[in-house]
Amino acid sequence: MLPVAVLVSALLLWFLLRSLKKVFIVGAVSALSLVITLGIMGWLGLTMNMVTVALPPVLWVLSTAYVVHLIRYYDAAIHRGASPEDAIDRALAIGTRPCFLAATTTCLGFLALLTADMVPVRELGLAAALGIPVAFVVTFGLAPVLLQYFQPAPSRKRERDGGSGLLFGVRYARPLIFGAVVLSIACLFFTTRVDIKSNPLNFLAPSSAIVQDSSVVAERFTGLYTLETVMELNDSWLNPTTWPAIESQTQALQRAAGVARVISPLDYLKKLNQWAAGGGEESYRLPQDRERAEALVAEVPEDDRAPLQALVSPDGTRVRLSTLVSVMEGDELLAIVDASTASLEQLERVTGSYHTGVVLRLVQAQFALIDTQLKSLGLAMLIIFGCIALGLRSFRLLVLSLAPNLAPVLALFGIMGLTGISLDPATVMVAAMVLGIAVDDTMHLLLTWRERWQESGDPEIALRDAVRVNGPAMTATTWMACAGFLVLSLSSFAPIRYFGLLSAAAMAVALLADLWLLPALIQLSSERKVELT
């Protein structure tokens, strides 16, 4: 659905810019950045998977943001009477630093993913860390050439002045900050209700054939998959002294909720004893001693030993209990594992044990991925805000940048807690992506404000100018990205659908935070500084 999302975002970009030349410039730069990055991924052998699939939309949004801001600076210079050549030079002089700082902070934030244990996460971090510099270089290498060649007409005068909506944060600073605090408290409350789930069936519509068939199999027949419990014994499994431990563990697993049946090598031995005794039901039991057990196993033809070899190691000291599980929720499966582990710790004749199985490994990998992403998000925040401090070289600007960049992350988790959307490998990546985009707009607004303040000497006039210059570009890039992400929300695959919905919602919050909350904080801090002096 990515091509559809790109097409929709391009149409919206045309509606906002009202210039086919500008749309072509933005599209050409962003497309080239994406193609080069994907080419580098292919050259390095990086894979496209459920994690790295988030890279194309992220890179598309960041690339378009760089170009749209550059075009906005170009338009502002034209409106001030500059020639197209001088306007390009002016746009490069103003836009290079904020875009470079934004690219650097976002790149370093993604590099934090290289500390992850999981290969897909590290691949996403590496691919994004390569793609963002590519987007920056292509933007400032190709966009000026295209601007020089096409020389698009600047935006209309009323767009340059901005509407009352753009200056809302300046005019109503205190009420807006109070409202933001109230909403933040509400988001913190709902954040505590965010759950971590692992159920592949929830990725599909409840009416889908796979979900319906799985429900029938789980309820009426047998388990959906197997959980394997490997027990290391202090003697051969044919020694009757080991049988109580195996039987006890089998019963412990059988009692767990969500277990349909447990298959044990002792079932095989009981069946051999039953067949040897003529097939009566009363003979389905363990043999009386080790010699009889060894004799029964020895009588099995070599070609018929496959089922036994699947449950017992060649030396007979390791056995496998194969548990048929009828639940798909990851936490329910882990509850079975926890109960089994507690039972194993109480057993004699067992020197070691572990649990395995394809579904268990996938569940553990998914929870580990979510945990890694959350830890990487924290590390990325430290790195990003550290780079902001170094790039802006102002403690005051650093403090002002905190709330607008944390607001969309907090809102994201608040929305998830309110709507009941669980954390999964797709939804957990939205926070890092939105953080990187929010930093971009914050940099542009803060640096433009400081530059205009140095020119005019009046912080409030400088703030209004900064909002008028950067506001339309911030709005255009956010609307375009939201439209593209909302297309993904039409997917029947839940992770993609939630990724699109949450990305659009979080980016809308990021826009409001940078367009209204940040100017409100700047306005309030400027007033306090005047009062103190």
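Residues numbered from 1 in each chain as written. Predicted model: local features only at pLDDT ≥ 70, side-chain atom pairs only at ≥ 80, totals over all residues. Heavy atoms only, no water.

### Details of the pairing of strand β3 (residues 318–325)
Reasoning step 1: Buried residues dominate β3, accounting for six of its eight residues.
Reasoning step 2: In the sheet, strand β1 (residues 225–233) pairs with β3 via eight bridges, with the strands oriented antiparallel. When the bridges of β3 are listed, glutamate 232 appears paired with arginine 318.
Reasoning step 3: By the bridge criterion, four bridges tie strand β2 (residues 259–263) to β3 in an arrangement that is antiparallel. Residue arginine 261 lies in a different strand from β3, and its bridge partner there is leucine 324. (Buried < 20%, exposed > 50% of the residue type's maximum accessible area, 1.4 Å probe, protein only. Helix = DSSP H or I, 4+ residues; strand = E, 2+ residues; numbered from the N terminus. Pairing = 2+ DSSP bridges.)

### What to know about empty space enclosed by the protein
Reasoning step 1: In total, this model carries four cavities of 30 Å³ or more according to the counting rule given.
Reasoning step 2: Taken as a whole, the largest cavity encloses approximately 210 Å³ of empty space.
Reasoning step 3: The wall of the largest cavity is formed by 22 residues, among which Phe110, Leu113, Met429, Ala432 and Met433 lie closest to the centre.
Reasoning step 4: Looking at the lining of the largest cavity, the elements with two or more residues in it are α3 (55–79), α4 (84–111), α5 (119–150), α15 (358–392) and α17 (429–456).
Reasoning step 5: With six residues, the single largest contributor to the lining of the largest cavity is α17.
Reasoning step 6: Lining the second largest cavity are Leu2, Ala5, Val6, Ser9, Pro57, Trp60, Val61, Met480, Ala481, Gly484, Phe485 and Leu488.
Reasoning step 7: Counting residues per element, the ones that place at least two in the lining of the second largest cavity are α1 (2–17), α3 and α18 (459–488).
Reasoning step 8: Here the element with the most residues in the lining of the second largest cavity is α18; it accounts for five residues. (1 Å grid on protein atoms, 1.4 Å probe; cavity = no way out; pocket = protein on both sides within 12 Å on 5 of 7 lines; lining within 4 Å. Points joined across faces, edges and corners; volume = space filled by probe spheres on them.)

### Describing the packing of α17 against α18
Helix packing for two helices is described by the angle between their axes and how far apart those axes are.
Reasoning step 1: Where α17 contacts α18, the axes come no closer than 7 Å and their chain directions differ by 160°. Looking at the two axes, α17 sits roughly antiparallel to α18. The hand of the α17/α18 crossing is right-handed. Between α17 and α18, the contacting residues are Met433, Asp441, His444, Leu445, Thr448, Trp449, Arg452, Trp453 and Ser456 on the first element and Pro459, Ala462, Leu463, Asp465, Ala466, Val467, Val469, Asn470, Met474, Thr478 and Phe485 on the second.
Reasoning step 2: Here the residues of the contact of α17 with α18 are counted per class, giving 12 nonpolar, five polar and three charged. (Axes fitted to C-alpha atoms, helices over the stretch in contact; angles between N-to-C directions. Parallel < 35°, antiparallel > 145°, perpendicular 65-115°, else oblique. Left-handed = near helix turned anticlockwise from the far one by under 90°. Contact = heavy atoms within 4.5 Å. Nonpolar A, V, L, I, M, F, W, Y, C, P; charged D, E, K, R; others polar.)

### Comments concerning the packing of aromatic side chains
Reasoning step 1: Counted by the stated rule, this structure contains seven aromatic pairs.
Reasoning step 2: With a centroid separation of 4.8 Å and 40° between ring planes, the pair formed by phenylalanine 136 and phenylalanine 140 is classed as tilted. Placement of the pair is phenylalanine 136 and phenylalanine 140 together in helix α5, with a separation of four residues, close to one helical turn.
Reasoning step 3: Residue phenylalanine 140 is classed as buried on the basis of its relative accessible area of 16%.
Reasoning step 4: Arranged with centres 5.2 Å apart and planes meeting at 70°, the rings of phenylalanine 189 and phenylalanine 190 form a pair that is edge-to-face.
Reasoning step 5: Among the aromatic residues, ring-to-ring pairing joins Phe24, Tyr149 and Phe150 into one connected group.
Reasoning step 6: Note that arginine 497 overlies the ring of tyrosine 498, its terminal NZ or CZ placed 5.2 Å from the centroid. (Phe/Tyr/Trp six-rings, centres within 6.5 Å; stacked < 30°, edge-to-face > 60°. Lys NZ or Arg CZ within 6 Å of the ring centre and 35° of its normal.)

### Focus: α18
Reasoning step 1: Look at α18: 41 Å from first C-alpha to last across 30 residues, which is about the 44 Å you get at 1.5 Å a residue.
Reasoning step 2: Along α18, the sharpest kink reaches roughly 40°, centred on asparagine 470 and followed within four residues by the proline proline 472.
Reasoning step 3: The buried fraction of α18 amounts to 22 of the 30 residues, a majority that puts the element mostly inside the structure.
Reasoning step 4: Two to three positions downstream of the cap, the backbone nitrogen of glutamate 460 sits 2.9 Å from a side-chain oxygen, assigning the N-cap of α18 to aspartate 458. (Expected span 1.5 Å × (residues − 1). Bend = angle between axes of the 7 residues up to and from the residue. Polar contact = N/O pair within 3.5 Å; in protein donor to acceptor, adjacent residues only side chain to side chain.)

### Notes on the pattern of salt bridges
Reasoning step 1: Counted under the stated rule, the structure contains 10 salt bridges.
Reasoning step 2: Put simply, arginine 290 and aspartate 235 hold a salt bridge, and the shortest N to O gap is 3.6 Å. Here arginine 290 is found in helix α12 (residues 290–298), whereas its partner aspartate 235 is found in the loop between β1 and α10 (243–255), with 55 residues between them in sequence.
Reasoning step 3: Exposure remark for arginine 290: the relative accessible area of 27% places this residue in the partly exposed category.
Reasoning step 4: Between lysine 270 and glutamate 247 there is a salt bridge; the shortest N-O distance is 3.2 Å. Placement of the pair is lysine 270 in helix α11 (residues 265–276) and glutamate 247 in helix α10, with a sequence separation of 23 residues.
Reasoning step 5: Residue class for glutamate 247 comes out partly exposed when judged on its relative accessible area of 21%.
Reasoning step 6: If you follow the salt bridges from partner to partner, you end up with Arg90, Glu451 and Glu455 in one network. (Salt bridge = Lys/Arg side-chain N within 4 Å of Asp/Glu carboxyl O.)

### Here's the deal with the packing of α1 against α3
Reasoning step 1: Remark: α1 packs on α3, axes separated minimally by 11 Å, with the N-to-C direction vectors making an angle of 20°. With respect to α3, the element α1 is oriented roughly parallel. As for how α1 packs across α3, the hand of that crossing is right-handed. In this structure, α1 contributes Leu2, Val6, Ser9 and Leu13 to the contact, and α3 contributes Pro56, Pro57, Trp60 and Val68.
Reasoning step 2: The residue inventory of the contact of α1 with α3, partitioned by class, reads seven nonpolar, one polar and no charged.

### Overview of the sheet that holds β1
Reasoning step 1: Reading across the sheet, the four strands line up as β2-β3-β1-β4 and stay open at both edges, with antiparallel pairing between neighbours. Because the sheet does not close on itself, it has two edges, and the strands there are β2 and β4 (350–356). Ignoring which end each strand starts from, the neighbouring axes of this sheet average 20° apart.

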